[in-house]
Amino acid sequence: MGVYIFYLFGTGLIATSIVAILMKNPVHSVLSVVSSFFFLAGIYAGLSMQFLAVIQILVYAGAIMVLFIFIIMLFDLQKSEYSKDRFLWRDLVPLALILITAAGFISAISRSESIKNYVANAKLPSNFGSVSAVSFEFFGTSNSVGRFSFLFEVISILLLSAIVGAVVLAKRKL
Amino acid sequence: MAPLSLYIMLSTILFFIGLTGVLVRRNIIIMMVSIEIMLNASNLALVAFNRFRFYDSNDGMIFSFLIIAIAAAEVAVGLAIVIAIYRKKKTVMIQDLNVMKH
Amino acid sequence: MFKIFLMSTTESLSKSLDLTTTYLPIVMMIVVALIVAFGMLALSIFAGPKYPSKAKEYPFECGWLLDSKDTKRKHSIKFYMVAIMFLIFDLEIVFMYPWAITFRQIGLVSLVEMFIFLSILVVGYIYVWKKGILEWD
């Protein structure tokens, strides 16, 4: 049963992603990516990563993509503007290179013996992928420091630099 | 449950879809959306390896959180750059941004 | 050691982590939401009365020329600034969420850690405040 749900979500994920890079209108493209993130959240949930699935919807589909929508709204792009993005014949060169590389990767993955040997373990830790597991990794327990405490502080510095960079770049007249 | 190789193949296909979007499209906004697709492909690979191979830890999920934070920062700064370009040039098409060429 | 610790935590999920059983309420909620949303649209399309007339299709505007091409409205950059602030502080709340959930099980070190995290982000908040991003006019 879970296999069929994986096939359903995976097909939807690939289809919506392809639609996203084919659409001329940026609004259609962004909305298609939002739906692909919902499919990806479903795949995360199938891998029993509940918290990550929720964060995927909350942050990616709910905040990051809304920022894209804001930008498109801010620019108010006309059809004459975005329909200048046409497929040229010289684009076939990167496309062919991508297809060759992707075929190589996929054949390598499908023939790899080491990947085939890993099967999903039925006996997961009881809090695998839950909120408390994330919390113990970040903050440690009552008598130890978490393994990723430093990473947690670095994330705050990353967010601070993002705030400062965005304000400086968008406020000033360049 | 589907085998690990299918998850990794899905992640690979998603990554190359995003790469195609970056290389072929000329709209900056859609190029940044494609970068998001590529980041999500890497997230999927991390999470799949965590579930199938290193299931007694949560390292892949933690790295996915880091990548989500990086994506948020990248989008904030990148779209600010797009706004600065749009103010100057009134366009988001990269074929019109050819000041360095002439 | 970490494995033993994971086993000893009291939190218990349902035994079968299958999509079809564990997430059935969420799937039902999504299905009901889709049915309600598209059902309303379909009802208003198919069951609503429609009397199209020429006067209704005429653009409702007065005072200036109807066929002026300048329909571009200038949206302010402040919208984008507020959206950026929302994104960053939304992410901050997301990282606070696991801390708040398991606050009784994790130690006092986590309090210091979260204090450092928040104080670094408050620096950004003060910067934004001083720059006048939060003032609308």
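Residues numbered from 1 in each chain as written. Chains lettered and ligands numbered in written order. Predicted model: local features only at pLDDT ≥ 70, side-chain atom pairs only at ≥ 80, totals over all residues.

*Asks:* Can you help me understand the overall build of chain C in this one?
*Replies:* Of the regular secondary structure elements, chain C holds six helices and zero strands. In chain C, the succession of α and β elements from N to C terminus is α-α-α-α-α-α. Taken across its 137 residues, chain C has 17% of its residues classed as buried. (Helix = DSSP H or I, 4+ residues; strand = E, 2+ residues; numbered from the N terminus. Buried ≥ 20, exposed ≤ 12 C-beta atoms within 10 Å, placed from the backbone.)

*Asks:* Would you take a moment to explain the overall build of chain B for this structure?
*Replies:* A tally of helices and strands in chain B yields three helices and zero strands. Of the regular secondary structure in chain B, the N- to C-terminal order runs α-α-α. The C-alpha radius of gyration computed for chain B amounts to 17 Å, which surpasses the reference 13 Å derived for 102 residues by more than 25%, pointing to a less compact arrangement than a globule. Taken along its principal axes, the extent of the C-alpha atoms in chain B is 55 × 25 × 20 Å. Here chain B, with 102 residues, has 57% of them falling under the buried criterion. (Rg over C-alpha atoms; globule rule 2.2 N^0.38 Å.)

*Asks:* Explain the interface of chain C and chain B here, please?
*Replies:* How big an interface is tends to be stated in terms of accessible area lost as the parts join. Across the contact, eight residues belong to chain C and six residues belong to chain B. Put simply, the parts of the chain that give the side of chain C that touches chain B at least two residues each are α1 (2–8) and α5 (77–101) of chain C. Of the residues forming the side of chain C that touches chain B, the biggest block, six residues, is contributed by α5 of chain C. Looking at the side of chain C that touches chain B residue by residue, the classes come out as seven nonpolar, no polar and one charged. (Contact = placed C-beta atoms within 7 Å. Nonpolar A, V, L, I, M, F, W, Y, C, P; charged D, E, K, R; others polar.)

*Asks:* Explain the environment of I57 of chain A here, please?
*Replies:* Residues and elements named next belong to chain A. Counting through the fold element by element, I57 comes out in helix α3 (residues 50–75). Classification of I57 as partly exposed rests on a count of 16 C-beta atoms within 10 Å. When the C-alpha atoms of I57 and F38 are compared, they prove to be 6.4 Å apart, with 19 residues separating the residues in sequence. Those residues in contact with I57 that sit more than four places away from it in its chain are F38, A41 and G62.

*Asks:* How should the packing of helix α5 (residues 92–111) of chain A against helix α1 (residues 4–24) of chain B be read in this particular structure?
*Replies:* When two helices pack together, their arrangement is captured by the angle between the axes and the distance separating the axes. Running from N to C, α5 of chain A and α1 of chain B cross one another at 170°; their axes reach a closest spacing of 10 Å. When the interaxial angle is binned, α5 of chain A and α1 of chain B end up roughly antiparallel. Here P94, L95, I98, A102, F105, I106, I109 and S110 of chain A of α5 of chain A come into contact with α1 of chain B, specifically with S5, I8, M9, T12, F16, L19, T20, L23 and V24 of chain B. When its residues are assigned to classes, the contact of α5 of chain A with α1 of chain B shows 13 nonpolar, four polar and no charged. (Axes fitted to C-alpha atoms, helices over the stretch in contact; angles between N-to-C directions. Parallel < 35°, antiparallel > 145°, perpendicular 65-115°, else oblique.)

*Asks:* What exactly am I supposed to notice about the nonpolar core here?
*Replies:* A general tendency of soluble globular proteins is for nonpolar side chains to be buried together. By size, the foremost hydrophobic cluster in this structure holds 102 residues, and its most contacted members are Y44 of chain A together with A72 and A76 of chain B. Once residues lying within four places of it in the same chain are set aside, the contact partners of Y44 of chain A are M49, L52, A53 and Q56 of chain A together with V47 of chain B. (Core = buried A, V, L, I, M, F, W, Y, C linked by C-beta atoms within 7 Å.)

*Asks:* Help me understand the confidence of the model for chain C, please; the structure alone is not making it clear to me.
*Replies:* Low-pLDDT stretches of the model should not have their predicted coordinates read in fine detail. Residues and elements named next belong to chain C. In this model, chain C carries a mean pLDDT of 78, and residues with pLDDT of at least 70 account for 73%. Mean pLDDT across the secondary structure elements of chain C bottoms out at α1, with 44, and peaks at helix α3 (residues 24–46), with 92. Model confidence for the complex is summarised by a pTM of 0.85, with the ipTM given as 0.91. (pLDDT = per-residue confidence, 0-100.)

*Asks:* Can you help me understand unusual backbone geometry in this one?
*Replies:* Glycine aside, a negative phi is what most residues show, and trans is what most peptide bonds show. Phi is positive for S48 of chain A, close to 55°, though the residue is something other than glycine. On the basis of neighbour counts, which here come to 21 C-beta atoms within 10 Å, the residue S48 of chain A falls in the buried class. Of note in this structure, K90 of chain B is not a glycine but carries a positive phi near 60°. Looking at where K90 of chain B falls in the secondary structure, it is placed in the segment after α3 (59–89). Residue K90 of chain B is classed as exposed on the basis of its C-beta count, with 10 C-beta atoms lying within 10 Å.

*Asks:* What is the right way to read the interface of chain B and chain A from this model?
*Replies:* The partner chain A presents 68 residues to the 60 residues of chain B that form the contact. Elements with a minimum of two residues in the side of chain B that touches chain A: α1, α2 (28–52) and α3 of chain B. With 22 residues, α3 of chain B is the largest single contributor of residues to the side of chain B that touches chain A. Here the residues of the side of chain B that touches chain A sort into 43 nonpolar, nine polar and eight charged.

*Asks:* Explain helix α2 (residues 26–46) of chain A here, please?
*Replies:* Three or four residues apart is the spacing at which side chains of an α-helix point the same way, because the helix has 3.6 residues per turn. Residues and elements named next belong to chain A. For α2, which comprises 21 residues, the first-to-last C-alpha distance of 30 Å matches the rise-based estimate of 30 Å (1.5 Å per residue) to within 8%. Most of α2 sits out of view: 15 of its 21 residues are buried. S48 sits one or two positions beyond α2 and adopts a positive phi of about 55°. (Expected span 1.5 Å × (residues − 1).)

*Asks:* Mind showing me how you'd approach the environment of Y86 of chain B here?
*Replies:* Relative to the helices and strands, Y86 of chain B resides in helix α3. Residue contacts for Y86 of chain B: discarding those within four places in its chain leaves F75 of chain A together with V92 of chain B.

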